[in-house]
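Descriptive structure summary
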Amino acid sequence: MNTTQFLTSQWVLSPVALACAGVGLFVYFRRFGWNPGAWWLIAAAGVGLVTLMSPLGALAEGYLFSAHMLQHILLLLAVPGLAMMAIPAGTRTPRGVARVLHPAFCWGCGVGAMWIWHVPVLCDAAAASHAVSAVQTVSLLAMGAAFWWQLLAPREAERIAPLQGVVYLATACAACTALGIIFTFSPITVCKAYVHPVDRLGIEAMLYGTWGMNAARDQQVGGLLMWVPMCLVYLGAIFGQLARWYGAPAEPSTAHA
Amino acid sequence: MNEPGEAVMEAVLDPAQREHYQLAWLSTVDHKRLGILYILTATVFFVAGGLEALTMRLQLAVPNNHLVAPDTYNMLFTMHGTTMIFLVVMPLVFGFGNYLIPLQIGARDMAFPRLNAFSFWLIPFGGILLHFSLLIGQGPAMGWFAYSPLNETPYQSQLGVDYWDVSLLVLGIGSVGTAINFITTVLCMRAPGMTLRRLPLFTWMSFLNSFLVLAAIPVLNAALVMLLIDRQLDTHFFLPAEGGSPILWQHIFWAFGHPEVYIMVLPAFGMISEIIPVFSRKPIFGYEFVAGSTVAIMFLSLGVWAHHMFTVGMGRPMDVFFAASSMLIAIPTGVKVLNWSATLYKGRIRLNTPMLYCLAFLVHFLCGGITGISHAIVPLDWQTHNSYYLVAHFHYVAVGSILFALIAALHYWFPKMSGRMMSEKLGKLSFWLMVIGFNGTFLIQHFLGLAGMGRRIYTYPDLPGWGWMNMVSTVSAFFMAAGAIVILWNVVVSLLSGRVAGDNPWEAWTLEWATTSPPPEENFDALPPIRSRRPMWDDANPDRPDPVVGPEHDGMQKESGSGIDKHFCAMLAFVVSETGFFGTLILAFLYFNLAPQPGPTAQVLDLGRTLFFSVCLFASSFTIWRCEKALHRGNIGMMVMWLTLTITLGLTFIAGQGLEYGNLMGNGMRIGTNLFTTTFFTLTGFHGIHVIVGLLMLMIVLGLAMAGDFRLKPPPAALAMVSVYWHFVDVVWVLVLTVAYILPHFVNHL
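The structure presented is a predicted model; accordingly, all values stated were derived computationally and were not measured. (Residues numbered from 1 in each chain as written. Chains lettered and ligands numbered in written order. Predicted model: local features only at pLDDT ≥ 70, side-chain atom pairs only at ≥ 80, totals over all residues. Heavy atoms only, no water.)

1. Side note on the overall build of chain B
- When you go through chain B residue by residue, the secondary structure sums to 23 helices and zero strands.
- Here the C-alpha radius of gyration of chain B, 27 Å, is about what a compact globule of 750 residues would show, namely 27 Å.
- Across its three principal axes, chain B shows a C-alpha extent of roughly 75 × 70 × 55 Å.
- Counting over 750 residues, chain B shows a buried share of 61%.
- Of the contacts made within chain B by residues no fewer than 6 positions apart, 81% connect residues no fewer than 24 positions apart. (Helix = DSSP H or I, 4+ residues; strand = E, 2+ residues; numbered from the N terminus. Rg over C-alpha atoms; globule rule 2.2 N^0.38 Å. Buried < 20%, exposed > 50% of the residue type's maximum accessible area, 1.4 Å probe, protein only. Contact = heavy atoms within 4.5 Å.)

2. Topic: the pattern of salt bridges
- Overall, the coordinates contain twelve salt bridges over all chains when judged by the stated rule.
- Note that R244 of chain A and E156 of chain A form a salt bridge whose closest N and O atoms lie 3.1 Å from each other. Of this pair, R244 of chain A sits in helix α13 (residues 229-247) while E156 of chain A sits in the loop between α9 (130-152) and α10 (162-185), placing them 88 residues apart in sequence.
- Between D546 of chain B and R534 of chain B there is a salt bridge whose closest N-O contact spans 2.8 Å. (Salt bridge = Lys/Arg side-chain N within 4 Å of Asp/Glu carboxyl O.)

3. Looking at the packing of helix α5 (residues 65-86) of chain A against α9 of chain A
Residue and element names in this part refer to chain A.
- Where α5 meets α9, the closest approach of the two axes is 8 Å, and the angle between their N-to-C directions is 45°. Viewed along their axes, α5 and α9 adopt a mutual orientation that is oblique. Remark: the crossing between α5 and α9 carries right-handed chirality. Mapping the contact onto sequence places H68, H72, L75, L76, L77, V79, P80, G81, M84 and M85 in α5 and Q136, T137, L140, L141, M143, G144, A145, W148, W149 and L152 in α9.
- Taken together, the residues of the contact of α5 with α9 sort by class into 14 nonpolar, six polar and no charged. (Axes fitted to C-alpha atoms, helices over the stretch in contact; angles between N-to-C directions. Parallel < 35°, antiparallel > 145°, perpendicular 65-115°, else oblique. Left-handed = near helix turned anticlockwise from the far one by under 90°. Nonpolar A, V, L, I, M, F, W, Y, C, P; charged D, E, K, R; others polar.)

4. A word on the interface of chain A and chain B
- Counting from both sides, the interface comprises 35 residues of chain A and, opposite them, 36 residues of chain B.
- Between chain A and chain B lies a buried interface of about 3000 Å² when both sides are counted; carbon and sulfur atoms form 81% of it.
- When the area that chain A buries against chain B is broken down by residue, the three leading residues are F185, W245 and Y246 of chain A, summing to 21%.
- Summed over the shared surface of chain A and chain B, the result is zero salt bridges. (Buried area = accessible area lost by both parts, 1.4 Å probe.)

5. Some remarks on the nonpolar core
All names here are of chain B.
- F96, W204 and M639 are the most contacted members of the largest nonpolar core, which has 292 residues in total.
- The residues that make up this core include at least three from each of domain 1 (6-540) and domain 2 (566-749).
- M56, F77, I444 and M469 belong to the second largest nonpolar core, which has 14 residues in total. (Core = buried A, V, L, I, M, F, W, Y, C linked by side-chain atoms within 4.5 Å. Domains from an automatic or database assignment.)

6. Some details on the packing of aromatic side chains
All names here are of chain B.
- Applying the stated rule across the entire model yields 74 aromatic pairs over all chains.
- Their ring planes at 85° and their centres at 5.2 Å tell us that Y357 and F431 sit as a pair that is edge-to-face. Residue Y357 is found in helix α13 (residues 353-376), and its partner F431 is found in helix α16 (residues 424-450); the two are separated by 74 residues along the sequence.
- With relative accessibility at 0%, the residue Y357 sits in the buried group. (Phe/Tyr/Trp six-rings, centres within 6.5 Å; stacked < 30°, edge-to-face > 60°.)

7. Points about the domain arrangement of chain B
Residues and elements named next belong to chain B.
- Domain parsing of chain B yields domain 1 (6-540) and domain 2 (566-749).
- Between the C-alpha centres of domain 1 and domain 2 the distance comes to 37 Å.
- Between domain 1 and domain 2 lies a buried interface of about 2000 Å² when both sides are counted; carbon and sulfur atoms form 83% of it.
- Counting the contacts that link domain 1 with domain 2 gives zero salt bridges.
- Across the domain 1-domain 2 interface, the total number found is two residue pairs in polar contact (both at pLDDT 80 or more).
- Elements supplying a minimum of two residues to the side of domain 1 that touches domain 2: α7 (160-188), α8 (201-233) and α9 (246-280).
- Ranked by the residues each element gives to the side of domain 1 that touches domain 2, the list is headed by α8, at nine residues.
- For the side of domain 1 that touches domain 2, a count of residues per class yields 18 nonpolar, seven polar and two charged. (Polar contact = N/O pair within 3.5 Å; in protein donor to acceptor, adjacent residues only side chain to side chain.)

8. Observations concerning the packing of helix α15 (residues 388-418) of chain B against α16 of chain B
Residue and element names in this part refer to chain B.
- Two elements in contact, α15 and α16, have axes whose closest approach is 7 Å; the angle formed by their N-to-C orientations is 165°. Here α16 runs roughly antiparallel to α15, going by the angle between their axes. Relative to α16, α15 is oriented so that their crossing is left-handed.
- For the contact of α15 with α16, the class distribution of residues is 16 nonpolar, nine polar and no charged.

Below is the structure:
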């Protein structure tokens, strides 16, 4: 199989993923009706479905550690972040949920997701078993949602203060940089499942020949994805915090003075 | 004392201080005097570094020259680079920061004046250490970035590298102290109304810059201690023959070295952002973008160091990612250049000396920036790396941009510091000498580099074009030297007989101009109300003030009641810097031990016993927390009890570590045995030193408590601060224990 054939043929319909996206959209429209924010949710569903059902998903399933890493980043950062932006401003968060979501807990979710799921045993398990993989997907989405909640909660009062938000994001960036550096330079393999893939699609020649991949390089790309682009997402969010901070209006009392 | 000397004394000292002038400046803790001392010290080293540069240019003036020996030449470029970076630009940047930050935020002094004096005095100390080896003819000769293995004993057996190493450690400690002080001052000492959103850009950028110092300098310190251990204790962190990794040195060095570029340039950006608006008679265009892009530069600069290493052969993935992220830095820096240009647009531009230097900065920075981006293009970098093209590039940034901004700052703030104006005539003369000299020296080096001339060569054959181009470069360098002499002359003449400046000679808008020139010891008699970013404009134009910026309080000032405590803030900043230090050591440990080393490995460690002693250490975190609670309730007896228990637990842990070390050494293991023992002893050793320092501090607190100091209301902050440090040391041990003891036992099962 060559690259074009691979990129055009490996789109699979996952009924579970489609059903989840459908239910999500249905619940959203029942609750909020049509509003411009819905586009964010549609984008989230789109990114989520592409992540799981496209050739990226095929590569992540046993072939490339780096593809699996990209999938993680999209599921952890892109999908929940976009979905969170869809919720209309001012929507109340159920009190029980809000109480659990302490900043330290949310930070731990966002950062811990990457550390936990790359313990070699768990990483291999997820690559070997569909059930573990499904748990992984759901947990990444949930932990990502918890992480973003501090920054994107629908009610301003429930969000972290902007400058604390900068620290929140900067430390998250530092934590995933550290792990990315370890993966990039590590002499040991993080996920053994990706070292000798079972070539169920007949694309090994394409990956190792045309694409110039090999196991060591694959892990390096995976580490670098976590190190550089992931931090760029955090940096983008830091700008969001700065914009929020500089955009805060002057107090009426001082404006009259 | 000669005539002008006495006149200078009269200009800078009042009669009472003249009586004992030596002490007045030697013992000062006043931020303004320390700022000036920084600048004077930097000037002395600037002369030294400049003479080194001129000697190199003379040597290179003609082909096959033998003015200096090859070894001397190596020492010259090493000393020139190290001096200019660590002893000229950083002290200047910190000096201006010291002088200006408290004034710009309307404070009386820095948060910690004595720490400030300590940080300053480390600079002459470090500078003397560095130059000592040169004066006995054993200077370091391996380049300012000291690439391994050239920095190791087999290749540099003289003491120069050791002096270089220790001197940089000393200077690094001073820089971290300064950064902690800057951060605390800006967060805790601002005048009412001076919210973070209203900070002048110079202060804002120096503030952010301090975080960069906290992140970057400890990484260098970690590299330096590893190098020193290599050289003094015969270990092999960076020696390839014994399994060490020269590439690791490059990674760690540039993880510091690239942010270092921004540590030097960010305050320069801040100076430009202050001067251009004043001489364009317009507020800065897009304050938020200038301020926000600084945050972007700060973060990006920490993650792009590997673009210094494209020629190492890191592999295509590394090259691609770092090329892309390096190019991204062009966006925030480009935003800044556009903002400065837009500030000029339709302004009523006054071409005084500071402004002239700023305009030259813009041009030079654009050139240096673009050649910088060209180095992010990997194949081009392979061709031009370590050629004179690279030398030209970084001198356009370091001299044409940073030094020009510093000279602009000198001319701009000299009236505030001395009370007298600098001569415009001499200023303009120096400007043209510097501009012609600088561009003559370095523009042509781009072409020399593209023609194939490598850097760090002490002489070269008579190839077509090389001779005359080098001659042009050398002659121009002397124009720059003449320009520098004119600047120094201008300073002396203006100090003696300059026109009296008055409070606000440039009609500027930030708070330092709201007081007399020079400011009184307490800085301000009264402050104008602060509601915008240009309080002096509002004061002068009450009928059309700037729009009010943001809420009145940002919850961070002590005055507002809910602010952060300055001791806590400083301790936190210190902990951040220590995190960088230990983080580097831990990553180095993992780098060498994830795959087992030949010889002893972590399997020789006694995990069970260490777990027991670790529990003692962790328990001490609990006891010190109880100790704080007891103090909070005012129960000094309980406090002393818990404190004693904490010290006992800490001592038990240290005894346990001693047992471990004794066992290992009894089995013939030394720090140099293999890379496992090297990294193990280094990592746990530094942790142990931190525990011992913590114990000493706890004992001091115990002594104070027994002497009754803690009966005061409110009690001294010492216990709370030692407690933060102690918790940090415990957290580090959690990581060290995991990485050095637990992980190796389970790494095969994970």
